[in-house]
Amino acid sequence: MEVMLELFAFGFYNVLMPVNILAMVVGMLIGLLIGILPGLGGTMAVALIIPFTFSMEPVTGILILISLYCTSTFAGSITAILFKIPGEAPAIMTILDGHEMAKRGQAGKALGMAIFASTLGGVFSTICLAVVSIPLSTVAIEFGDAEYFAMAVMGLSVCSGIGGKSVLKNVIGAVIGLFLATFGTSPISGTHRFTFGYSGLLMGITFIPAVIGLFAISEVFEEVERGLKGGQREGYKRQEKVRIGMPSWEEIKYLKWTFLRSGIIGTIIGTLPGVGATTAAFFGYSEAVRWSKHPEKFGTGIIEGIAAPETANNAATGGAMVPLLTLGIPGSSVTAVMIGAFLIHGLRPGPMMMMQQEKLVYSIFAGYFFSNLLIILAGVLGIKFVARLMDFPYHKVGPAILLFAVIGSYAINNSMSDVYVTLAFGFIGYVLKKQGFGLAPMILGMILGDMAEVSLRRALLLSNFDPMILITRPISAGLILFAILSLCYPLIQKYILKGRGKEELASS
Amino acid sequence: MNNIIAGLILIGLSIFFFFLTTQFPIVKGYQQMGDAFWPRAVLFVLIGLSVVLILQAWVKGKKKQPGKKTSPEKTLDRPALFKTMGVMIVYILCIPYLGFLVSTFLALIVFSYLMGDRKASRMMYFSLGMTVATYLIFALLIYTALPRGVWIFKSLSNLLY
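Conventions used here
Residues numbered from 1 in each chain as written. Chains lettered and ligands numbered in written order. Predicted model: local features only at pLDDT ≥ 70, side-chain atom pairs only at ≥ 80, totals over all residues. pLDDT = per-residue confidence, 0-100. Helix = DSSP H or I, 4+ residues; strand = E, 2+ residues; numbered from the N terminus. Contact = placed C-beta atoms within 7 Å. Nonpolar A, V, L, I, M, F, W, Y, C, P; charged D, E, K, R; others polar. Buried ≥ 20, exposed ≤ 12 C-beta atoms within 10 Å, placed from the backbone. Core = buried A, V, L, I, M, F, W, Y, C linked by C-beta atoms within 7 Å. Domains from an automatic or database assignment.

Could you give an account of the confidence of the model for chain A, naming the residues involved and the relevant values?
Overall, the prediction assigns chain A a mean pLDDT of 81, with 86% of residues at 70 or greater. Looking at the elements of chain A, mean pLDDT is at its lowest for strand E4 (residues 232-233) of chain A, recorded as 61, and at its highest for helix H18 (residues 416-434) of chain A, recorded as 91.

This is how it looks when you write it as structure tokens:
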């Protein structure tokens, strides 16, 4: 313990050297720009910056990347809240409540909560990273295909509670999402499915363009349809004076379990190879819905709806470093690219580095801690820059959203196919919303569809098509049982309430 | 009635895609649980849920008292919506031909007009400003290969990036 504290002290001392602080600030500014601009991802930015870190000290170079990674994961929420366009994929779930709050004139408060929750989630996962990285990585290694499938089932089990008012339509939305995830090249055998001979569909329906279309373009269509008087939206409230509306002590106390739950979920999901901050944000949100006393309010613009995904997605950034540092396996696409930064400095992440380069490893932990604190500064800068844009007349905001939607989807792969996907999903989103189908469950299905199919098919192939594999492994069985219970819970609750109502009636 | 139509459309589409799954090639080694297995399972569920949606709407429609008037629908600006949708389609289809910058500049002027701006100079300045900002950030700063278009538009974009 004493040695660990000593190493921590060294890590903090090392990170607080002026050159390292400067490196983190530079990383933060790049991350902020990347996060705000739709279509530019943290993975691409890290890949672009790695060559510049070659001439730096290993710690300095890695700190730039860590700071960039943490800030970009947060900054995507700024445009998600203000314009319904996620600057980064992990901000997708923040759209649901964040933008509703912004429409009510509470953009500052929504953004303040996003900053606070992101910082808290990041700091929480840093502590986990430092203290329990080794036990966490051993749990993560136990996750096989059956567990991944069970996790997908657990995620899907909340689909009835999020989105529109009709439970049936929400479930249909999720199933449509699951189906859309099957487009493209089959993940197991490589067969082309539903591509109609069009090469743009070989990689399937690209996720971010689809989300941009579903949320941003359909929203502009709806605003135009509702009528724009003198270029301003009907029923739109001007923003409160945009000060950073940090949550009050009462709000923090009220949300303590949401923060803790999302922090744990985000860190654990971050440690799982192949699933990253986006999935973490989704699970953070869905579990917040599941455990909430008022699940029906999610999606209407409540702070829990921002606190849960934002805590989880930033917690996943620290979590993603756990398998990288302890086992040498990246936990996300960004950390996979980050391996390059270690390698060009002659370092190979893994158990040996944990033992032989302790000072570097603890400097990384300390770097994570300060990078997450820098999110507050990033938030202040970012919000000052873009929050006032909300009050611009809609004949400026609307066209700008459409432009960002087009350039954002194009810039991901420099492909017009992605723009066509955005356009198509803009129309689909508009029609589905008009018919009362929930868009959030559809996104849920699209996120989890691939994971569900691949893990189910692989688990069954490996077990000689014995479905018992799904319920004989303890983690998988536990997750499936939890999913079934949570699906049945509303019915049980209804039954109990009915019984109580009858008793009360009889006694009165 | 809307739900019945939505349910029927979903069933129709599901049957169409189900038919497409029969044309997937069977890969050696994956005969038992091939590539059609998962999409078919999902489509089965979708058909089942659509049937429930139709039945639910039908039962509700029967229960509804005849002659009871529903509240009048809020007035919606459908012409503006259809124009915006049309311009959006034309804008995206024009990008490969006119190039990103020219088509964006023109589309932004039209969008501003459709969304209520009536001052020509303001529309021009806004459109030009946004196009230049996009060019500076995406083409010059991060080297995004923006579509160049064809013919003179290609020559024009070659001059710029």
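Read on, since the account is not over.
Give me the lowdown on the interface of chain B and chain A, citing residues and values where you can.
Taken together, the 49 residues of chain B in the interface contact 46 residues of chain A. Elements that contribute at least two residues to the side of chain B that touches chain A include exactly helix H1 (2-21), helix H2 (37-63), helix H3 (78-98), helix H4 (100-114) and helix H5 (120-141) of chain B. Within the side of chain B that touches chain A, the residues separate by chemical class into 36 nonpolar, nine polar and four charged.

Break down the environment of methionine 246 of chain A for me, citing the residues and quoting the values.
Residue and element names in this part refer to chain A. Inspection of the secondary structure puts methionine 246 in the loop between E4 and helix H10 (249-254). Taking the number of C-beta atoms within 10 Å as the measure of exposure, methionine 246 has 16 and is therefore partly exposed. Taking the C-alpha atoms as reference points, methionine 246 and glycine 112, separated by 134 residues in sequence, lie 4.4 Å from one another. Apart from residues no more than four positions distant in its own chain, methionine 246 is found in contact with Gly112 and Phe116.

Kindly report on the nonpolar core, identifying the contributing residues and their values.
Core analysis: the biggest nonpolar cluster contains 198 residues, and Val46, Leu65, Phe149, Val175 and Ile401 of chain A have the highest contact counts within it. Element by element, the count of residues in this core is highest for helix H4 (residues 58-83) of chain A, at 16 residues. Among the domains, domain 1 (2-27 + 34-63) and domain 2 (78-160) of chain B are the pair contributing at least three residues each to this core. When sequence neighbours within four positions are dropped, the list of residues in contact with valine 175 of chain A reads Gly445 of chain A together with Val42, Val45, Leu46 and Leu49 of chain B.

Tell me about unusual backbone geometry, and name the residues and values.
Although it is not a glycine, phenylalanine 196 of chain A sits at a positive phi angle of roughly 55°. Looking at the secondary structure, you find phenylalanine 196 of chain A in the loop between strand E2 (192-193) and helix H9 (207-226). Given 9 C-beta atoms within 10 Å, phenylalanine 196 of chain A falls into the exposed group. One non-glycine residue with positive phi stands out, namely tryptophan 151 of chain B, at about 55°. One can find tryptophan 151 of chain B in helix H6 (residues 151-160).

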